[in-house]
Amino acid sequence: MNPAAPRALGRRWLELNLLGALLTLGALAAALAIGPSGINPVLAMVAPEGSPERAILFGARLPRVLVAALVGGALGTGGAALQALLRNPLACPHVLGISGGAALLAVVVAGLSTGALGWVTLAGPGLLVPAAAFVGALASAALVQGIARATGRATPQTLLLSGVVFNAFSAAAITLISAVVEPTQVQNLLGWVVGAIAVRGNLWTGVAALTLAAGLAVLVFAARDLNALGLGEEGARSLGVNVRRTRLRVYLAVALLVAGAVPVSGMVGFVGLIVPHAVRLLVGADHRLVLVGSAWGGAVFLVLADTLARTVLAPVDLPVGVVTAFCGGPFFLFLLARQGRAGGRPS
Amino acid sequence: MRLEGLAIDAAWGRAQVLHEVTATIEPGAVLGIIGPNGSGKSTLVRVLAGLKRPLRGEVRLGGTSLALVNRRVRARQLGFVAQETQLAFPMTVRELVLLGRTPYTAGPGFEGPGDARAVAAALERVDLTRYAERFCDRISGGERQRAVLARALAQEPRVLLLDEPVSFLDLRHSVLFLDLVRDLARDEGLAVAVVLHDLNLAAMYCDQLLLLAQGRVAAAGRPADVLRYETLRTVYGTDLYVAPNDVTGQVVVLPLAREHRQQLAASSLRARDDDGGGGGGSGADY
């Protein structure tokens, strides 16, 4: 069956989800089995209640790999949506500074809310920190859109510039905050800046799962409009697309996705950049496939990356952001060079 | 379905670019919109396509004000083709044409067999069926422009608006494209408006012409009545050779290089001396 025939699209959507679920389950199983403590996962599963093997498998590893999957799914989806909206292959929540804005406001609010006790903890009470991350993400999305509008269109240069400036600003501000927190929290803050999977309670894990579901649901309904935006804003409008509404939906969905991911991972870079490109190679340009594919792909990628981060220098637990940056940095430069070469060519 | 622009004023920012322009696009006919750079041609098609709101005046689609037509309903009746299409991500010809079905499918759904038939018919109409699975950046510029036309045809429109569709095409692909456009009007009764730079193509393919100059209608009517030496020389601000040709009987408009313009000016000056000042040079006499 020819890959782009519309009749096959529904079936391909099912196949893609089946494949994604299988790969994600496989990655989760592998991540559960691998770890510095060298327990046997099969034996641990049948080990008696309260044994150390069970505690490692279900208490430490399981929550962490689940969080990695949720964060990866959110960032992959967000990257795919932003690339489509801004018609720019370099866009992702991290490059655009949306993760940075969310992390900054989350840290400030977490710090302030516990500040009466002298910056004791950065966990923050209840839903305050995810809510702050959501507001921070929305604010930086508004800034990105403002810059894109002020300069006429979202050129790679203006996007890069805005992202670089915003990330540098957020990192500096968080580092400044680290100067006034208790010494035990400094390592924690480094994790926010570089990006590290951190299980900070079931509530925030649950928030990450819910925002992933909600963001994905909003984007699935915008997928056709994102396809039409491939023709440019005018082309999309001539096809009856309400571009302004689509833009609002996408920024809202991305802010939700980022708000769920940031409190449990900080600013993990490059997932939203790499994953959609890999998915597009596999499924083509249709965003009804690219968005869900990027959710599964992001989950698989970050679960594997975090497993590498946990084990490669064991017992040192590397922030996963180090691994994704080592993969993503060269990839980013490759995309930049390719875009520079192709610049202005009608296609 | 008839599309009319009635006394259209339009502006970009503070600069008003259209002044009381009235244009009628009839079913089964091709209206050519011509004029110098900056005369408002592209703005006019965008207003007619509902992509730009006029300052004053009204666009009527089949008698209904276009401003009141739902944007998805509008997209099922009005197809728009731009000068060039930049795709954000690599796309096959079939995927591009499938985008024309956007106004027919709601929400996250997938296209049905009806959509597949419309896409296949549009591809067949522009003779690109064999390239359906090729990527759009792997076909020639002429084929790509036909693919964009097929995307508009997949919308199953009654009105087709084309903004300088052949400006980047070579001679063969230009006439192939315009043959196709004229057939769509003649055979399928589409109302077509096309912005053209090339006055010879305009003379050959259009039933009616609208000549714009500085945002105003300088002339309108049948090509033979619009493409007149004095009118064109004034509007384009340069001397020209205008004469009917032996093959089609329509006028040929030939821009002249400096030495020919000077020669023409000298000869008309001489003619004036001889006749005691009998008018400027007629291009046809040159």
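The rules behind each value
Residues numbered from 1 in each chain as written. Chains lettered and ligands numbered in written order. Predicted model: local features only at pLDDT ≥ 70, side-chain atom pairs only at ≥ 80, totals over all residues. Heavy atoms only, no water. Helix = DSSP H or I, 4+ residues; strand = E, 2+ residues; numbered from the N terminus. Buried < 20%, exposed > 50% of the residue type's maximum accessible area, 1.4 Å probe, protein only. Areas by Shrake-Rupley, 256 points an atom, 1.4 Å probe, with all protein chains shown as cover. Lys, Arg positive; Asp, Glu negative; His and termini not counted. Charge placed at Lys NZ, Arg CZ, Asp CG, Glu CD. Contact = heavy atoms within 4.5 Å. Buried area = accessible area lost by both parts, 1.4 Å probe. Salt bridge = Lys/Arg side-chain N within 4 Å of Asp/Glu carboxyl O. Disulfide = S-S within 2.5 Å. Domains from an automatic or database assignment. Polar contact = N/O pair within 3.5 Å; in protein donor to acceptor, adjacent residues only side chain to side chain. Nonpolar A, V, L, I, M, F, W, Y, C, P; charged D, E, K, R; others polar. Core = buried A, V, L, I, M, F, W, Y, C linked by side-chain atoms within 4.5 Å.

Undergrad: Would you explain the overall build of chain B in this entry?
TA: Scanning chain B from terminus to terminus reveals 10 helices and 12 strands. Here chain B holds 286 residues, and 50% of them are scored as buried. For chain B, the computed accessible surface area is about 12,900 Å², with 49% contributed by carbon and sulfur atoms. Within chain B, the 33 negative side-chain charges are centred at a point lying 7 Å from the centre of the 34 positive side-chain charges.

Undergrad: Please explain the overall build of chain A as it appears in this structure.
TA: The helix and strand tally for chain A stands at 13 helices and 0 strands. If you list the helices and strands of chain A from N to C, you get α-α-α-α-α-α-α-α-α-α-α-α-α. Buried residues in chain A amount to 55% of all 347 residues. Within chain A, contacts between residues at least 6 apart in sequence are counted, and of these 77% link residues at least 24 apart.

Undergrad: Help me understand the interface of chain A and chain B in this model?
TA: Much of the literature gives interface size as the accessible area that the parts lose upon coming together. Tallying the contact residues gives 36 residues for chain A and 40 residues for chain B. Carbon and sulfur atoms make up 59% of the surface buried where chain A meets chain B, a total of about 3,400 Å² over both sides. Our count for the chain A to chain B interface comes out at 3 salt bridges. Put simply, B:Glu111 and A:Arg288 hold a salt bridge, and the shortest N to O gap is 3.2 Å.

Undergrad: Quick question: what am I supposed to make of the state of the cysteines here?
TA: Applying the stated rule across the entire model yields 0 disulfides over all chains. Unpaired in terms of disulfides, A:Cys92 finds its nearest cysteine sulfur in A:Cys327, a separation of 14 Å.

Undergrad: Help me understand the domain arrangement of chain B in this model?
TA: All names here are of chain B. Split into domains, chain B comes out as domain 1 (3-221) and domain 2 (237-286). One C-alpha centre belongs to domain 1, the other to domain 2; they are set 35 Å apart. Contact with domain 1, which involves 4 residues of that partner, is made by 5 residues of domain 2. Together, the buried faces of domain 1 and domain 2 total about 370 Å²; carbon and sulfur atoms form 56% of this surface. Counting the surface domain 1 buries against domain 2, the share from its top three residues, Asn-200, Ala-203 and Met-204, is 81%. The interface formed by domain 1 and domain 2 holds 0 salt bridges in total. Between the two partners, domain 1 and domain 2, sit 2 residue pairs in polar contact (both at pLDDT 80 or more). Of the residues assigned to the side of domain 1 that touches domain 2, the class counts are 3 nonpolar, 1 polar and no charged.

Undergrad: Could you clarify how one ought to interpret the nonpolar core in this entry?
TA: Within soluble globular proteins, side chains that are nonpolar tend to cluster in buried spots. Membership of the largest hydrophobic core comes to 157 residues, with the highest contact counts inside it found for B:Leu149, B:Leu160 and B:Leu162. Looking at which element gives the most residues to this core, the answer is helix H3 (residues 52-86) of chain A, with 15 residues. When we break this core down by domain, the ones giving at least three residues each are domain 1 (3-221) and domain 2 (237-286) of chain B. Ranked by size, the runner-up nonpolar core spans 29 residues in total, among them B:Leu18, B:Ala49, B:Ala82 and B:Ala193.

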